[in-house]
Amino acid sequence: MKKKSKRLDTGKHKHLNPEQRAEIESSLNGGLNFRGIGRIIGKDPSTVAKEVRLNRFMKPPTPAYKRLSNNCQLFKTCEVRHLCGKGNCAKLCRSCSGHDCNQLCRTFEERLCPRLDKAPYVCNGCPTRQHCRMTKYWYRSVQAELAYRERLSGSRLGISLTPDELAALDDLVCPLIRQGQSISHIYASHADEIGCFRKTLYAYISQGCLSVINLDLPRQVRYKKRRKRCKEPVANPKYRIDRTYDDFIRLTTLASDLPVVEVDTVEGSDCSEVLLTFLFRQSKLMLVELLPAQTQSCVHKALDTLEQALGPAVFARTFPVILTDNGSEFKNPDALERSSYGGKRTRVFYCNPGASWQKGAIEKNHEFIRYVLPKGTSFDWLTAGMVTLLRDHINSTCRDALNQNSPLDLASLLLSQPVIELLGLRRIPPDDIILKPALLTTLT
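This text gives an overview of the structure that appears in the document. The structure displayed is predicted, hence computed values, not measured ones. (Residues numbered from 1 in each chain as written. Predicted model: local features only at pLDDT ≥ 70, side-chain atom pairs only at ≥ 80, totals over all residues. Heavy atoms only, no water.)

1. Describing the sheet that holds strand β6 (residues 321–324)
Reading across from one edge, β5-β4-β3-β6-β7 is the order of the five strands in this open sheet, with mixed pairing throughout. On the outer flanks of this sheet lie β5 (286–291) and β7 (347–350), each paired with one strand and no other. On average, adjacent strands in this sheet sit at an angle of 25° to one another, irrespective of strand direction. Bridge analysis of β6 against β7 gives four bridges, and the strand direction is parallel. Within the sheet, the bridge partner assigned to V321 lies in β7 and is R347. Set on the sheet, helix α13 (residues 360–372) makes contact with β3 (260–267), β4 (274–280) and β5; between it and β3 the angle comes to about 45°. Sheet contacts for helix α14 (residues 384–395): β4 and β5; angle to β5, the most-contacted strand, approximately 165°. (Pairing = 2+ DSSP bridges. Helix = DSSP H or I, 4+ residues; strand = E, 2+ residues; numbered from the N terminus. Axes fitted to C-alpha atoms, helices over the stretch in contact; angles between N-to-C directions. Contact = heavy atoms within 4.5 Å.)

2. Quick look at unusual backbone geometry
The amide bond that connects A119 to the next residue, P120, takes the cis arrangement and shows omega of 15°. Relative to the assigned elements, P120 resides in the loop between α4 (101–104) and β2 (136–138). Although it is not a glycine, N403 adopts a positive phi angle of roughly 60°. Residue class for N403 comes out exposed when judged on its relative accessible area of 65%. One non-glycine residue, Q404, adopts positive backbone phi at about 60°. Within the element layout of this structure, Q404 appears in the loop between α14 and α15 (407–414). (Buried < 20%, exposed > 50% of the residue type's maximum accessible area, 1.4 Å probe, protein only.)

3. So, the packing of aromatic side chains
In total, this model carries eight aromatic pairs according to the counting rule given. Ring centres 5.4 Å apart and planes at 55° place the aromatic pair F280 and F319 in the tilted group. Of this pair, F280 sits in strand β4 while F319 sits in the loop between α11 (312–318) and β6, placing them 39 residues apart in sequence. The class for F280 is buried, based on a relative accessible area of 6%. An aromatic cluster is present here, built from F278, F280, F315 and F319 joined pairwise through their rings. A cation sits over an aromatic face here: R21 above Y148, 4.5 Å from the ring centre. Seen from the ring of Y121, R53 lies directly overhead, with NZ or CZ sitting 4.5 Å from the centre. (Phe/Tyr/Trp six-rings, centres within 6.5 Å; stacked < 30°, edge-to-face > 60°. Lys NZ or Arg CZ within 6 Å of the ring centre and 35° of its normal.)

4. Notes on the pattern of salt bridges
Following the criterion strictly, the structure yields 19 salt bridges and no others. One salt bridge connects R140 with E25, and the closest N-O pair in it is separated by 3.9 Å. On the criterion of sequence distance, the pair formed by R140 in the loop between β2 and α5 (141–154) and E25 in helix α1 (residues 18–29) is long-range, its members being 115 residues apart. Residue E25 is classed as buried on the basis of its relative accessible area of 17%. (Salt bridge = Lys/Arg side-chain N within 4 Å of Asp/Glu carboxyl O.)

Structural data, given as structure tokens:
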């Protein structure tokens, strides 16, 4: 009759208890592998392996005949002499009993047992452990339980930083947050100095450990419920013929490498001035122009000014496709597409009515403008220089979506350097970036 194996049924997803740790020690001493131990205590073999590696402890080599043995990997072939400084000594240092060459030799490499680099990772159950003079690792259930209790209580004491480290973290991070910088941008510039994960930093802010709070973070808010999308009308207005979003998808599917520029406007409060924005989809680079009014003529004039600055050939390569919404200021596509030098300079397409998400990149990027110019702010006091400064701070902000690069970093790779210079783009140092109203109010 086959003997039934011993098994401790304690349930899954539970911490190991003292009885299970005692069984692990006993089984290791008996030479049982991790799979067999796992069956006994009701745990996965990987759990047993992690427990042994985490809670094993080291025991230095024991001396034989009041002297440590030579524990160097090169012991059998080493020819080094005179480490003790005696030039007339004829002995090899590895066989000399007058000094310990392991302590004197710069090329000493400790000889470790290969059993410690693979399962079971400890010397429990090793048949040669009594005579072995190498460094040993042991698993003892009592010490493992004490170490587990210490880690468990220590993890619940609070933050794992000293007061000085917490003060240094506060001095580094909080001034940048007050400037309106996002956590992702701060980590892109100071990840090595912060010394903790992002989730931990968010937890410190939520727990009040730093001098800033959640309200100081630009994204720690709830988004309002989105409005229900409108359905596409049956008949398209004249300006949308051959320029619908479906036409745009067909074109970009055939020419997937074609640069796409999303265009939109940002309105102020109780003023005629608006901001005309251009967003390059590939790099998230945004251009911002201040318009005196939200009219078709002002938009046409802004495009003409860009074309004159870049030249007709460069403009056609940089702005080959424009995607915009159905705002009244964009409803004259023939004028938008017609070059002031003659011919056609670009192609204009329109999102479906009520579907601004189809140009979601520029809608999302407008939140950076709203950090500095919140809704309800009038634009009548803005100048072209202020708008240019705002544009440069936004384009120099690092983003997680860009692999912790800034839009200007990617634009420098995708656009030629003459285009960057002609557009007047300027890089702002990471720590000087401000995305708060103070960026522009200090200039008035």
